[in-house]
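Given next are the chains, with one letter for each unit.
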Amino acid sequence: MTAGQEQSGTTAKPLRADARRNRARLLEVAEEVFAERGPGASTEEVARAAGVGIATVFRHFPTKEALLEAVLVRRLERLAEEAQQLAASCPPAEAFFDFFNLVVDRSPVKNAYAAALADAGVDVHAAVSDAGRAVSAALGGLLAAAQGAGAVRTDLEVPELTAILVGTCRMLQHLDGRPDAARRARQVVLDGLRG
């Protein structure tokens with residue numbers, strides 16, 4: 001289903017331009033509300049912040065989980081776009097390491113969304129599969145360019161890099177409240193990636 005479509009029974013119908021704008025606005029506001037108050041924030045809070053009635057929220061997102069899922073997918077899509085922008089505007093090493101740090105820095109919010117969805121019984125991997133593939137493809141492009149420039153070790157492939165990213169995010173979560181230790185640990189990981 002594309003961003004300009006909404007599920008209706010078993011078929012997806014295109015949204016009118018105003019409905020697409022409303023949906024995009026709701027996603028933008030929901031992302032702000034969930035980032036500020038956590039994934040436990042209610043759809044009523046989102047509706048209030050967007051200046052619409054709750055029925056408008058549910059017209060686009062029939063459940064809170066559907067809204068949270070859409071926000072998570074949007075964040076991942078934007079992450080893939082940012083990787084492409086870095087690739088186009090920065091030297092390969094800078095683009096790669098900036099993106100690595102961007103993913104790590106944003107992981108606490110992403111992980112909170114994913115945990116809330118999993119707790120609600122949502123298959124998170126299936127829900128974000130298309131957006132996740134886009135991020136992986138963008139990561140692969142950055143990795144290949146950085147390796148080609150001699151900035152990143154050549155024996156590293158996307159699956160290992162993804163595991164290192166996940167591990168780094170968990171490690172920094174474990175070091176929460178110890179910023180000096182977190183900074184040193186992150187530097188060890190980054191140094192280990194260099195070619």
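Coordinates for the structure precede this section.
Residues numbered from 1 in each chain as written. Predicted model: local features only at pLDDT ≥ 70, side-chain atom pairs only at ≥ 80, totals over all residues. Heavy atoms only, no water.

Caption draft 1: Broad picture of the overall build of the protein chain. Per the secondary structure count, the protein chain includes nine helices and two strands. Across its three principal axes, the protein chain shows a C-alpha extent of roughly 55 × 35 × 30 Å. Each of the 195 residues in the protein chain was classed as buried or not, and the buried ones make up 39%. If you take every contact in the protein chain between residues at least 6 apart in sequence, the share linking residues at least 24 apart comes to 64%. For the protein chain, the accessible area works out to roughly 10,700 Å², and carbon and sulfur atoms hold 53% of it. In the protein chain, the 23 positive side-chain charges and the 25 negative ones have mean positions that sit 4 Å from each other. (Helix = DSSP H or I, 4+ residues; strand = E, 2+ residues; numbered from the N terminus. Buried < 20%, exposed > 50% of the residue type's maximum accessible area, 1.4 Å probe, protein only. Contact = heavy atoms within 4.5 Å. Areas by Shrake-Rupley, 256 points an atom, 1.4 Å probe, with all protein chains shown as cover. Lys, Arg positive; Asp, Glu negative; His and termini not counted. Charge placed at Lys NZ, Arg CZ, Asp CG, Glu CD.)

Caption draft 2: Examining helix 5 (residues 92–119) more closely. Between its terminal C-alpha atoms helix 5 stretches 38 Å, which fits the 40 Å expected from 28 residues at 1.5 Å a residue. The sharpest bend along helix 5 comes to roughly 50 degrees, located at Ser107, with the proline Pro108 sitting one to four residues further on. The first or second residue beyond helix 5 is Gly121, which carries a positive phi of 90 degrees. (Expected span 1.5 Å × (residues − 1). Bend = angle between axes of the 7 residues up to and from the residue.)

Caption draft 3: Up close: the packing of aromatic side chains. Under the defined criterion, the tally for this structure stands at two aromatic pairs. Here the aromatic rings of Phe96 and Phe97 are separated by 5.0 Å at their centres, their planes lie at 90 degrees, and the arrangement is edge-to-face. For the pair Phe96 and Phe97, one class covers both residues: buried. In this arrangement the basic side chain of Arg194 is found over the ring face of Phe97, its NZ or CZ atom lying 4.2 Å from the centre. (Phe/Tyr/Trp six-rings, centres within 6.5 Å; stacked < 30°, edge-to-face > 60°. Lys NZ or Arg CZ within 6 Å of the ring centre and 35° of its normal.)

Caption draft 4: Expanded view of the packing of helix 8 (residues 158–174) against helix 9 (residues 179–193). At a minimum axis separation of 10 Å, helix 8 and helix 9 run at an interaxial angle of 170 degrees. Put simply, helix 8 runs roughly antiparallel to helix 9. Two secondary-structure elements touch here, helix 8 through Leu161, Ile164, Thr168, Met171 and Leu172 and helix 9 through Ala182, Ala185, Arg186, Val189 and Leu193. Of the residues assigned to the contact of helix 8 with helix 9, the class counts are eight nonpolar, one polar and one charged. (Axes fitted to C-alpha atoms, helices over the stretch in contact; angles between N-to-C directions. Parallel < 35°, antiparallel > 145°, perpendicular 65-115°, else oblique. Nonpolar A, V, L, I, M, F, W, Y, C, P; charged D, E, K, R; others polar.)

Caption draft 5: Main features of the environment of Arg37. Summarising the element assignment, Arg37 is placed in helix 1 (residues 17–37). At a separation of 3.3 Å, a polar atom in the side chain of Arg37 contacts the side chain of Glu45. (Polar contact = N/O pair within 3.5 Å; in protein donor to acceptor, adjacent residues only side chain to side chain.)

Caption draft 6: Expanded view of the packing of helix 4 (residues 64–89) against helix 7 (residues 129–148). Their axes nearest at 8 Å, the elements helix 4 and helix 7 cross at an angle of 20 degrees. Comparing the axis directions of helix 4 and helix 7 gives the class roughly parallel. Crossing handedness for the pair helix 4 and helix 7: left-handed. Contact with helix 4, carried on its side by Val73, Leu76, Glu77, Leu79, Ala80, Ala83 and Ala87, involves Ala131, Ala134, Val135, Ala138 and Leu142 of helix 7 and no other residues of that element. (Left-handed = near helix turned anticlockwise from the far one by under 90°.)

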